[in-house]
Amino acid sequence: MFPNNAFMNAHEYFYYKLRNVTHDEDPVNTTNTWFIKRQISEEAPTELQRNFEAYLTVYGSVACVLGSILNVFATKSLSNSTRMVWGHALVVVVFIPTIALTFLNFDDDQSMFFNVSMGLISIACFGSLGLMAGGVLGLSALFPSKYTQAVMVGQSFAGVLAAVMSILCQAITSDVILNGQMYFGFSLLMCFISLATYYYLTTLTPPVELDDEINGLIENQDENEVSIEAQASHFPPIDTDSVEVITPQVNWTMYTDILKKSSIDLTTISVVLIVTLAAYPGLTSLVHSTSRNHTWNSYFSAVASFLLYNCGDLIGRSSANSLRLPRKYLLTIAFFRFLLIPLIAMCNVAPRGHTHSMIPYDGVFILLVILLSISHGFCITNATIGATESIEKESRELAGSIISLIGVTAAMMGGILGVLIIKLV
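Conventions used here
- Residues numbered from 1 in each chain as written.
- Predicted model: local features only at pLDDT ≥ 70, side-chain atom pairs only at ≥ 80, totals over all residues.
- Heavy atoms only, no water.
- Helix = DSSP H or I, 4+ residues; strand = E, 2+ residues; numbered from the N terminus.
- Contact = heavy atoms within 4.5 Å.
- Buried < 20%, exposed > 50% of the residue type's maximum accessible area, 1.4 Å probe, protein only.
- Salt bridge = Lys/Arg side-chain N within 4 Å of Asp/Glu carboxyl O.
- Phe/Tyr/Trp six-rings, centres within 6.5 Å; stacked < 30°, edge-to-face > 60°.
- Lys NZ or Arg CZ within 6 Å of the ring centre and 35° of its normal.
- Axes fitted to C-alpha atoms, helices over the stretch in contact; angles between N-to-C directions.
- Parallel < 35°, antiparallel > 145°, perpendicular 65-115°, else oblique.
- Left-handed = near helix turned anticlockwise from the far one by under 90°.
- Nonpolar A, V, L, I, M, F, W, Y, C, P; charged D, E, K, R; others polar.
- Core = buried A, V, L, I, M, F, W, Y, C linked by side-chain atoms within 4.5 Å.

Q: I tried to follow the overall build of the chain on my own but got confused; where do I start?
A: The helix and strand inventory of the chain stands at 17 helices and zero strands. At a minimum sequence separation of 6, the contacts of the chain that also span at least 24 residues come to 84%.

Q: In this structure, what is going on with the environment of Leu-286? I would like to understand it.
A: Note on placement: Leu-286 falls in the loop between helix 12 (263-279) and helix 13 (294-320). We classify Leu-286 as buried; its relative accessible area is 6%. Along the backbone, Leu-286 and Ala-345 are 59 residues apart, and their C-alpha atoms lie at a distance of 9.5 Å. Those residues within four positions of Leu-286 in sequence are excluded, and the remaining contacts are Arg-50, Asn-348, Val-349, Ala-350 and Ile-422.

Q: Sorry if this is basic, but what is going on with unusual backbone geometry here?
A: Geometrically, the link from Tyr-280 to Pro-281 is a cis peptide bond, its omega value of 0 degrees lying close to zero. With respect to the helices and strands, Pro-281 occurs in the loop between helix 12 and helix 13.

Q: Hey, could you run me through the pattern of salt bridges in this one?
A: Pairing is possible between side chains that carry opposite charge, provided their charged atoms lie close to one another. Applying the stated criterion to the full structure yields seven salt bridges. Between Lys-423 and Glu-47 there is a salt bridge, with the nearest N and O atoms lying 3.2 Å from each other. Of this pair, Lys-423 sits in helix 17 (residues 396-424) while Glu-47 is found in helix 4 (residues 47-73), placing the two residues 376 residues apart along the sequence. Residue Asp-313 is joined to Arg-317 by a salt bridge in which the shortest nitrogen-to-oxygen separation is 3.1 Å. Pair noted here: Asp-313 and Arg-317 are both in helix 13, with a separation of four residues, about one helical turn. Taking the relative accessible area as the measure of exposure, Asp-313 reaches 4% and is therefore buried.

Q: Looking at this model, I keep getting lost on the packing of aromatic side chains. Mind explaining?
A: When we look at a pair of aromatic rings, we describe it by the centre distance and by the angle of the planes. Taken as a whole and assessed by the stated rule, the structure comprises 22 aromatic pairs. With centroids separated by 5.9 Å and ring planes inclined at 65 degrees, the aromatic side chains of Phe-2 and Phe-186 adopt a geometry described as edge-to-face. Within this pair, whereas Phe-2 is found in helix 1 (residues 2-9), its partner Phe-186 is found in helix 8 (residues 176-203), the two being separated by 184 residues in sequence. An angle of 35 degrees between the planes, with centres 5.1 Å apart, marks the rings of Phe-143 and Tyr-147 as tilted. Tyr-147 gets classed as partly exposed once you look at its relative accessible area, which sits at 29%. A cation over an aromatic ring shows up here: Lys-17 above the ring of Phe-113, its NZ or CZ 5.6 Å from the ring centre.

Q: Looking at this structure, how should I read the packing of helix 6 (residues 110-140) against helix 7 (residues 145-172)?
A: In a packed pair of helices, the relevant descriptors are the angle between the two axes and the axis-to-axis distance. Axis separation between helix 6 and helix 7 bottoms out at 8 Å; the angle between their running directions is 155 degrees. When the axis of helix 6 is compared with that of helix 7, the two are roughly antiparallel. Two packed elements cross with a definite hand, and for helix 6 against helix 7 that hand is right-handed. Only Tyr-147, Thr-148, Val-151, Met-152 and Gln-155 of helix 7 make contact with helix 6, whose side of the interface consists of Ala-133, Val-136, Leu-137 and Ser-140. The residue inventory of the contact of helix 6 with helix 7, partitioned by class, reads six nonpolar, three polar and no charged.

Q: Sorry, what's going on with the environment of Tyr-183 here?
A: Residue placement: Tyr-183 occurs in helix 8. Residues Tyr-183 and Tyr-13 lie 170 residues apart in sequence; the distance between their C-alpha atoms is 9.6 Å. Filtering out sequence-adjacent residues up to four positions away, Tyr-183 remains in contact with Asn-5, Ala-6, Asn-9, Ala-10, Ala-162, Ala-163, Met-165, Ser-166 and Cys-169.

Q: Where do I start with the nonpolar core in this structure?
A: Soluble globular proteins tend to pack their nonpolar side chains together in the buried interior. Phe-7, Phe-14, Phe-184, Phe-365 and Leu-372 are the most contacted members of the largest nonpolar core, which has 88 residues in total. Broken down by element, this core gets its largest block of residues, 10 residues, from helix 6. Apart from residues lying up to four places away in sequence, Phe-365 is in contact with Thr-284, Val-287, Phe-300, Ala-304, Ile-344 and Cys-347.

As structure tokens, this is what we get:
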């Protein structure tokens, strides 16, 4: 999740690259964070600045869908480790040129910078949210529900970490170029840490006591050769004492059975993501504070929109397994969340071309973000756990990959809806 969140939270850097260069009267302060914020708040942002978060969501979502489709159909033909290594490799390939772009001047061709950045973002999302996230979610589905929740919490924590990094980089230096270099450099480091952590995971022995036959099988292998898939296949997925190794042949009936048995949960996941991506980050990032406090205005978007949302999402996901709701209640909550979209649009969104702000209060906007984030984390984690538990254990890895595919498809639809809403506002 970190690459996608990294691009979302590096908005100050991208706003600088996509600024109106005709207003560069003061070359010394042009790269200053406060200069960029003042230019956006006091003057109309450029079209590229205004649409950056929305198009980032759409481009990233399309790439996620393609990566998730590949992950679903490769679940039984390519090992989980192979998909994870290739996903990490794609992210590394993306962040190296992304860092290189921070040293280049694109003032004469900002459209090229915008298009190249969107291409790099798409590749990163293809590898991370498409291959890696789907692969890990599919793998966790083979284990008890607390492992699926752990994956969901980890996804949310990535957003918190990215938001905190954005704030720290902004506090350390007011130079947006140096800010971007630090931010993307840390993102590249995170990718290597992730790959090392995954390799460590694959060397761990199964976390349950196995019968003599399986113990003998493992004892005859070097510990480093025990694959993560082998561990998962021997782990009782529903907290039972029995161990049964099943390797079914994938066919279209298996796909349709998964969709039928988890249809309500998949609908909940889809509705939740459509609402969330329609509002966050494209719409919420355009809300400006009405306070006269200079410091609060400077950090308002980073704190009230990005950090607060990700913290709320983390709280919702962390509490999901301890407070389980019936499917019909989750679906009802998911549909009620549609009311949050017009309410957020009524806040102090700037610029506005067709409507007027009806709720110009920072406190109300913060409350709406809290409701959006906590309900998102709670509903999507509950629905994901419910969907995996409704499937037979031999089909759960495939089910996890399908859940990921449905999720990123819904996210793409929400991103497109978010672009339309910004145009209407």
